[in-house]
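Next come the chains, spelled out residue by residue.
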Amino acid sequence: MDLNTDHVLADLRRDGISVHEGYIAGGLLDELSEEFERYLAQEEEGVMHVEHTPGKAFRIVLDDPSLRELNLKKSCIASAFFNDPMKELASAYLPGAPFCNGLLGTNEFRAMPVTEVHFDTLQCLKFMIYLDDTTAANGAFSFIPGSHRKTHAYRKWFARLGGVPSLIPNALPDEHRARVTSIEAKAGTLIVFDTDGLHAGGVLKPGTTRRVVRAHCMARSFDPWKLTELMPYRIKHSGLNPATIYSKVFAPSYRATQGTGRAQGTT
Ligand SMILES: O=C(O)CCC(=O)C(=O)O
Ligand SMILES: [Fe+2]
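Novice: Would you take a moment to explain the overall build of the chain for this structure?
Specialist: Assigned secondary structure in the chain consists of 9 helices and 12 strands. Counting only C-alpha atoms and orienting by the principal axes, one finds that the chain spans roughly 55 × 40 × 35 Å. Every one of the 267 residues in the chain was classed for burial, and the buried ones make up 54%. Summing over all exposed atoms, the chain offers an accessible surface of approximately 12200 Å²; the carbon and sulfur share of this is 56%.

Novice: I'm lost on the packing of aromatic side chains in this one. Help?
Specialist: Aromatic ring pairs are described here by two measures, namely the spacing of the ring centres and the angle between the planes. Summed over the entire model, instances satisfying the criterion amount to 14 aromatic pairs. Between F141 and F143, the aromatic rings sit 6.3 Å apart at their centres with planes inclined by 40°, giving tilted as the arrangement. No difference in accessibility class separates F141 from F143, as the two residues are buried. Seen from their ring centres, F143 and F193 are 6.2 Å apart, and the 75° between their planes marks the pair as edge-to-face. Here F143 is found in strand 7 (residues 141–143), whereas its partner F193 is found in strand 10 (residues 190–194), with 50 residues between them in sequence. Of the two residues examined, F143 and F193, each falls in the buried class. Aromatic ring contacts, followed pair by pair, group F119, Y154, F158, Y246, F250 and Y254 into a single cluster.

Novice: Mind showing me how you'd approach the coordination of the iron ion (ligand 2) here?
Specialist: In a perfect tetrahedron of four donors around a metal, the angles come out at 109.5 degrees. In a perfect octahedron of six, they are 90 or 180 degrees. Taken together, H118 (NE2), D120 (OD) and H199 (NE2) make up the protein donors of the iron ion (ligand 2), found 2.1 to 2.2 Å from the metal. Donor residues for the iron ion (ligand 2) sit on one chain with the sequence pattern H-x1-D-x78-H. D120 sits in the buried class, given a relative accessible area of 0%.

The rules behind each value
- Residues numbered from 1 in each chain as written.
- Chains lettered and ligands numbered in written order.
- Predicted model: local features only at pLDDT ≥ 70, side-chain atom pairs only at ≥ 80, totals over all residues.
- Heavy atoms only, no water.
- Helix = DSSP H or I, 4+ residues; strand = E, 2+ residues; numbered from the N terminus.
- Buried < 20%, exposed > 50% of the residue type's maximum accessible area, 1.4 Å probe, protein only.
- Areas by Shrake-Rupley, 256 points an atom, 1.4 Å probe, with all protein chains shown as cover.
- Phe/Tyr/Trp six-rings, centres within 6.5 Å; stacked < 30°, edge-to-face > 60°.
- Donors = N, O, S within 2.8 Å, 3.2 Å for Na, K, Ca; no water.

Put into structure tokens, the structure is as follows:
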């Protein structure tokens, strides 16, 4: 579990993504996999099942102090994410963001897209580990390197103009899937990414499965300008909101994500 934080930071700033094959190896990978199956089969204290359309998912609770303490003692999945290099990385990349307040395990087995091409409505730094060898055939995570910069500017102006951050149009029509690069890699690979980069869970071929664990650190959102803060609620939530008009001009092909909470950055 070696991570050179300077290199990862440089990758993240340039591309929005950094990939590390062999991050988890050998016995530890087997332990993570066994624990994953246990949690998927049954909830226990501090571990809850959550809705996940292309398959099944569980959440390891880390945002409650006592459950966090319990999970850091008993869960090797939680411990794989809670370490000093990841903490250091998160605080350098997203200063002030709480460290890994969410941790999710997902098992996809339906032959359908895991997600649309999107950026998360709330910006996060995510750490994702493949538990299986993963290729485009079984829904590999995919990403457009460098796309985080445009989203960041779009998000900043949207918020300043009075847009409701969780309502920012954030998904692209399916023809944009041709633009994403599939991250095909072995079990035990760590992918660190800025969710402002355009990304998608791939499309599973019939009969394939994919298992992934991931943790997220959510950035603080931009503050709106004083004047837009005073906007009446009805205008804020209508097509007259200056942010909505801006979005139509700046990012005309974007629309709101349908489906998973992950696209909202909340899981
Ligand atoms: O599961 C995937 O491959 C994509 C997930 C995603 O969109 C996210 O974690 O923000
Ligand atoms: Fe996402």
